[in-house]
Amino acid sequence: MEKLCPELTGLRLASFLPEKAAVIFTTAYAEHAVEAFNLEAADYLLKPINYERFLKSVKRVLQLQNNHPEQDKEAAKKGVSLRKNR
């Protein structure tokens, strides 16, 4: 993201998202993890990212969303969604 929009960090972007948005941070910088979790990050993965670990994070987010479909509807109203590839 930094290459596309250098003035906007992932943490700053996450601060603008709705409360229930599920964000999995992927970064090379461990020092921002506390701030990410203060923004209620779903997970914080350090590069190089292990594929199995990433899948575990995504599955956890999908499971939480499936357990709370009313939150998905509210997020969709605000223009936020997570799509499953079938």
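Positions within a chain are numbered from 1, following the residues in the order the chain's sequence is written. The predicted nature of this model means local features are confined to residues of pLDDT at least 70 and side-chain atom pairs, given and counted, to a pLDDT of 80 or more, with totals for whole chains, interfaces and linings taken over all residues. Only hydrogens and water are set aside when side-chain values are computed; all heavy atoms of the structure are taken into account.

## Comments concerning the environment of Asn38
- Going along the chain from the N terminus, every DSSP run of H or I of four or more residues is numbered as a helix, and every run of E of two or more is numbered as a strand. Its place among the elements puts Asn38 in helix α2 (residues 33-38).
- Exposure remark for Asn38: the relative accessible area of 63% places this residue in the exposed category.
- Sequence separation between Asn38 and Ser15 is 23 residues, and the spatial gap between their C-alpha atoms is 9.9 Å. Buried residues are those whose accessible area, probed at 1.4 Å on protein chains only, stays under 20% of the maximum for their type, while exposed residues exceed 50% and partly exposed ones sit between those limits.

## A few points about the confidence of the model for the protein
- Every residue is assigned a pLDDT by the predictor, reflecting its confidence on a scale from 0 to 100. In this model, the protein carries a mean pLDDT of 82, and residues with pLDDT of at least 70 account for 77%.
- Confidence, read as mean pLDDT per element, is least for helix α4 (residues 69-77) in the protein (56) and greatest for strand β2 (residues 43-46) (96).
- The contact rule is simple, with two residues in contact once any of their heavy atoms fall within 4.5 Å. Overall, residues 81-86 carries pLDDT values under 50, and its contacts beyond four positions in sequence, including any with other chains, amount to 5 contacts.

## Considering the pairing of β2
- The rule for pairing is simple: two strands pair if DSSP sees at least two bridges between them. Sheet analysis places strand β1 (residues 24-27) next to β2, joined by 4 bridges and oriented parallel. When the bridges of β2 are listed, Thr26 appears paired with Leu45.
- Where the polypeptide runs from β1 across α2 and back to β2, its parallel neighbour, the crossover connection is right-handed. Looking down the strands as they point away from you, a crossover is right-handed if its path from the first strand over the helix to the second goes clockwise.

## Re unusual backbone geometry
- Across the junction of Lys47 and Pro48, the peptide omega takes the value 0°, indicating a cis bond.
- Take Pro48: it is sitting in the loop between β2 and α3 (51-67).
- Residue Glu40 is not a glycine yet carries a positive backbone phi of 65°.
- The topology assignment puts Glu40 in the loop between α2 and β2.

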